[in-house]
Amino acid sequence: MSSSDLKKALKATATEVTRVLDDLLPMGEGPESRVTEAMRYTALAGGKRIRPFLVVACADLFSVDRKSSMRAAAAIEMVHCYSLIHDDLPAMDNDDLRRGKPTCHIKFDEATAILAGDALLTKSFEVLADEKTHGDARVRCDLVSALALASGEAGMVGGQMIDLFAEDHKLKMPEITRLQRMKTGALIAVACEAGAILGKASENAHHVLHAYAHDVGLAFQIADDLLDVEGDEKKVGKKTGKDADAGKATFVSLLGVVRAREQAELLADQAASHLDIFEEKGKLLRELAHYVVNRSA
Ligand code: GRG
């Protein structure tokens, strides 16, 4: 298997999850259709679709039906899209550009962007709770519960709160690691966990995927910090240099570019080695760990 197999698999998942999102977010009628339009604007606007890929690739380890894993993947991508919309708002990062396009509040307006984010978040739970996602109510309940924990104050929202606090406080390495585990890592971890839940994986397999997700999540964030320093704005699709401009402590500002890259590569190696128990079946996920570190967007 080569990196072109991973690229093909990423592309195929991106195409399929975009189709599923398109189906799950039909345009309605009446004045409320403006919010659906804004939801679709962000959810169908591309992106690497790494979280959906993680759901599907982890679920594939347990031969889960694709229809189930794609719906769970779409639900988690909805939460990711909501976080991007809200993160870009003037009250937070105040960004005009996302995925190479005007951000949701620039294209529509702030109130509509807030509502679109809210509606994507709630829609994700509607999708997971639907029988079409899985026939077993226990599995659906576990998916809902895992996504709620990862998205809320103990996960992504909590991480975002610490990130805002960090604007006025110089965080040290352990605090930054905790912030990023919550802000970015929790959603990456729940993507892997969703695959394990859908596949009714053994306790050991759950642990292994958790350890993998933990290392990939951190490697992903270090790569994101590196892109903010070294990335090409056109390829990244958003403004770069923002962390330095804001005087924010990041993995790169604390470690320097060279050590940060070494650390990210070490984490990718470690993530890949967790998957030994899956032998050949874990190959794409092993490759993905290295891809997140070496990506240009
Ligand atoms: C506002 C509730 C709330 C949370 C915001 C995750 C997050 C917290 C904000 C996203 C902003 C950001 C740049 C975070 C750093 C890492 C990250 C999650 C980048 C974006 O994810 P990618 O690279 O994006 O997977 P694409 O566009 O490929 O989906």
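Residues numbered from 1 in each chain as written. Predicted model: local features only at pLDDT ≥ 70, side-chain atom pairs only at ≥ 80, totals over all residues. Heavy atoms only, no water.

## Comments concerning the site of the ligand
- Inspection of the region around the ligand gives 21 residues, with K48, R51, H80, D87 and R99 positioned closest.
- K48 is positioned such that a nitrogen or oxygen atom in its side chain is 2.6 Å from an oxygen atom of the ligand.
- R99 is positioned such that a nitrogen or oxygen atom in its side chain is 2.8 Å from an oxygen atom of the ligand.
- Look at the ligand: alone it shows 690 Å² of surface, and the protein chains cover 93% of it.
- Taken together, the elements giving at least two residues each to the shell around the ligand come down to α4 (66–87), α8 (156–165), α9 (173–198) and α10 (203–230).
- Here the shell around the ligand gets six residues from one element, more than from any other, and that element is α4. (Near = heavy atom within 4 Å. Polar contact = N/O pair within 3.5 Å; in protein donor to acceptor, adjacent residues only side chain to side chain. Areas by Shrake-Rupley, 256 points an atom, 1.4 Å probe, with all protein chains shown as cover. Helix = DSSP H or I, 4+ residues; strand = E, 2+ residues; numbered from the N terminus.)

## Overview of the side chain of T36
- With respect to the secondary-structure elements, T36 resides in helix α2 (residues 33–43).
- Classification of T36 as buried rests on a relative accessible area of 13%.
- The contacts of T36, once residues within four sequence positions are left out, are L25, P26 and M27. (Buried < 20%, exposed > 50% of the residue type's maximum accessible area, 1.4 Å probe, protein only. Contact = heavy atoms within 4.5 Å.)

## A closer look at unusual backbone geometry
- A positive phi angle is found at N94, which is not glycine, with a value near 55°.
- Tracing the chain through its elements places N94 in the loop between α4 and β1 (97–98).
- Judged by relative accessible area, which is 44%, N94 ranks as partly exposed.
- Of note, the phi angle at E279 is positive, near 45°, even though the residue is not glycine.
- Positionally, E279 belongs in the loop between α14 (257–274) and α15 (283–294).

## Concerning the environment of K242
- Within the secondary structure, K242 is located in helix α12 (residues 242–245).
- Taking relative accessible area as the criterion, K242 reaches 22% and is therefore assigned partly exposed.
- Residues K242 and P26, spaced 216 residues apart in sequence, show a C-alpha to C-alpha distance of 35 Å.
- Look past the residues within four positions of K242 in its chain and what remains in contact with it is D93, N94, D95 and D228.

## A short note on the packing of helix α1 (residues 3–24) against α15
- One way to put it is that α1 packs onto α15 with a least axis distance of 10 Å and a crossing angle of 90°. Relative to α15, α1 is oriented roughly perpendicular. Two secondary-structure elements touch here, α1 through S3, D5, L6, A9 and L10 and α15 through L284, E287, L288 and Y291.
- Looking at side-chain class alone, the contact of α1 with α15 contains six nonpolar, one polar and two charged residues. (Axes fitted to C-alpha atoms, helices over the stretch in contact; angles between N-to-C directions. Parallel < 35°, antiparallel > 145°, perpendicular 65-115°, else oblique. Nonpolar A, V, L, I, M, F, W, Y, C, P; charged D, E, K, R; others polar.)

## Notes on α15
- Between its terminal C-alpha atoms α15 stretches 17 Å, which fits the 16 Å expected from 12 residues at 1.5 Å a residue.
- Turning to α15, its buried residues are L285, R286, L288, A289, V292 and V293. Viewed along the axis of α15, the buried residues span an arc of 155°, placing them on a single side of the element.
- Against the buried residues of α15 lie α1, α3 (50–60), α10 and α14. (Expected span 1.5 Å × (residues − 1). Arc of directions from axis to C-beta.)

## Some words on the state of the cysteines
- Summed over the entire model, instances satisfying the criterion amount to zero disulfides.
- The thiol of C58 is not disulfide-bonded; the next cysteine sulfur, from C192, is found 3.8 Å away.
- Of the cysteine sulfurs around C104, a residue in no disulfide, the closest is that of C81, at 10.0 Å. (Disulfide = S-S within 2.5 Å.)

## Structural notes on the environment of N204
- As for its placement among the helices and strands, N204 is situated in helix α10.
- Relative accessible area serves as the criterion here: at 46%, N204 is assigned to the partly exposed category.
- When the C-alpha positions of N204 and K7 are compared, they lie 29 Å apart, and in sequence the two are 197 residues distant.

## Re the pattern of salt bridges
- Taken as a whole, this structure holds 21 salt bridges when the rule is applied.
- Of the charged contacts in the structure, one is a salt bridge between K132 and D130, with a shortest N-O distance of 3.9 Å.
- Salt bridges linked by common partners bring E16, R19 and D23 together as one network. (Salt bridge = Lys/Arg side-chain N within 4 Å of Asp/Glu carboxyl O.)

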